[in-house]
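# Reading the structure
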Amino acid sequence: MKKNEFTATGRRKRSVAQVRMVPGTGKITVNGRDVNEYMPFPTLVMDLKQPLVATNNEKTFDVTVTVKGGGFSGQTGAIRLGITRALLLVDAGNEANEGSYRKILKAEGFITRDPRVKERKKYGLKKARRAPQFSKR
């Protein structure tokens, strides 16, 4: 790994994101396309950038992401976790300081992986918990 290159993996639901951060101007590329072009809603882009905004690194790093699986919401969460983990690598060895990225990101709740995934379908039911409609007659 190069000295100024930080890579991390983020997961959410069925999505897996490989995040690569290098010092730059703040450009974010997802699967070879600009993030605003790739994500259909501006709120998803805002959600994805939250770790960078919280640590004041919006214009410090260029972020390149390869994401697979899931929908846009799951992919956004996976990218956000990947960016968070890459930022922790950037600030490694600085955890004791008051302004460390770890303390900032932990307080915002970005470090924890969201464990919620789709529940499996059970036999005799229409979905995971949805039973067939009951007919009295």
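Residues numbered from 1 in each chain as written. Predicted model: local features only at pLDDT ≥ 70, side-chain atom pairs only at ≥ 80, totals over all residues. Heavy atoms only, no water.

Counting its regular elements, the chain contains four helices and five strands. The secondary structure elements of the chain, listed N-terminal to C-terminal, are β-β-β-β-α-α-β-α-α. Taking 2.2 N^0.38 as the reference for a compact globule, 137 residues should give roughly 14 Å; the C-alpha atoms of the chain span a radius of gyration of 19 Å, well beyond that estimate. If you line up the chain on its principal axes, its C-alpha atoms span 70 × 35 × 25 Å. Considering only intrachain contacts with a sequence separation of at least 6, the fraction spanning at least 24 residues in the chain is 68%. When the accessible surface of the chain is summed, it comes to about 9,100 Å², and 52% of that surface belongs to carbon and sulfur atoms. Across the chain, the 29 positively charged side chains and the 12 negatively charged ones have centroids separated by 15 Å. (Helix = DSSP H or I, 4+ residues; strand = E, 2+ residues; numbered from the N terminus. Rg over C-alpha atoms; globule rule 2.2 N^0.38 Å. Contact = heavy atoms within 4.5 Å. Areas by Shrake-Rupley, 256 points an atom, 1.4 Å probe, with all protein chains shown as cover. Lys, Arg positive; Asp, Glu negative; His and termini not counted. Charge placed at Lys NZ, Arg CZ, Asp CG, Glu CD.)

In this section: helix H2 (residues 42-54). Helix length check: H2 (13 residues) gives 18 Å between terminal C-alpha atoms against 18 Å at 1.5 Å per residue, within 8%. Along H2, the largest kink reaches about 40° and is centred on leucine 48; proline proline 51 follows within four residues of it. Listed as buried for H2 are Leu44, Val45, Leu48, Pro51 and Leu52. Tucked inside the fold, the buried residues of H2 contact strand S3 (28-30), helix H1 (35-38), strand S5 (61-68), helix H3 (72-90) and helix H4 (101-108). (Expected span 1.5 Å × (residues − 1). Bend = angle between axes of the 7 residues up to and from the residue. Buried < 20%, exposed > 50% of the residue type's maximum accessible area, 1.4 Å probe, protein only.)

Glancing now at the environment of leucine 88. Note on placement: leucine 88 falls in helix H3. Through-space distance from the C-alpha of leucine 88 to that of serine 100 is 9.0 Å; in sequence the pair is 12 residues apart. Setting aside anything within four residues of it in sequence, one finds leucine 88 in contact with Tyr101, Arg102, Leu105 and Ile111.

The next subject is the pairing of strand S1 (residues 6-12). What you see with S1 is a clean split: Phe6, Ala8, Gly10 and Arg12 sit on the buried side and Thr7, Thr9 and Arg11 on the side with no burial. Of the strand pairs in this sheet, S1 and strand S2 (residues 15-23) are connected by seven bridges, and their pairing is antiparallel. Bridging across to S2, phenylalanine 6 finds its partner in methionine 21. Where S1 folds back on S2, the antiparallel hairpin that results is connected by two residues, among which lysine 13 adopts a positive phi of roughly 55°. (Pairing = 2+ DSSP bridges.)

Now for the side chain of arginine 12. In this fold, arginine 12 is placed in strand S1. Take arginine 12: its relative accessible area is 14%, and that puts it in the buried class. What arginine 12 contacts, discounting residues up to four positions off in sequence, is Ser73, Gly74, Gly77, Ala78, Arg113, Asp114 and Arg116.

On to the environment of asparagine 56, then. Tracing the backbone through its elements, the reader meets asparagine 56 in the loop between H2 and S5. Accessibility expressed as a relative area gives 63% for asparagine 56, which makes it exposed. In the structure, asparagine 56 is positioned 45 residues away from tyrosine 101 in sequence and 9.8 Å away in space, judged by C-alpha atoms.

Looking now at the pattern of salt bridges. Evaluation of the coordinates by the stated rule reveals seven salt bridges. Its salt-bridge partner being arginine 33, residue glutamate 37 comes within 3.4 Å of it at the nearest N-O pair. Salt-bridge contacts for aspartate 47 lead to arginine 80; the nearest nitrogen and oxygen are separated by 2.8 Å. On the criterion of sequence distance, the pair formed by aspartate 47 in helix H2 and arginine 80 in helix H3 is long-range, its members being 33 residues apart. Accessibility expressed as a relative area gives 25% for aspartate 47, which makes it partly exposed. Residues participating in the shared-partner salt-bridge network are Arg12, Asp114 and Arg116. (Salt bridge = Lys/Arg side-chain N within 4 Å of Asp/Glu carboxyl O.)

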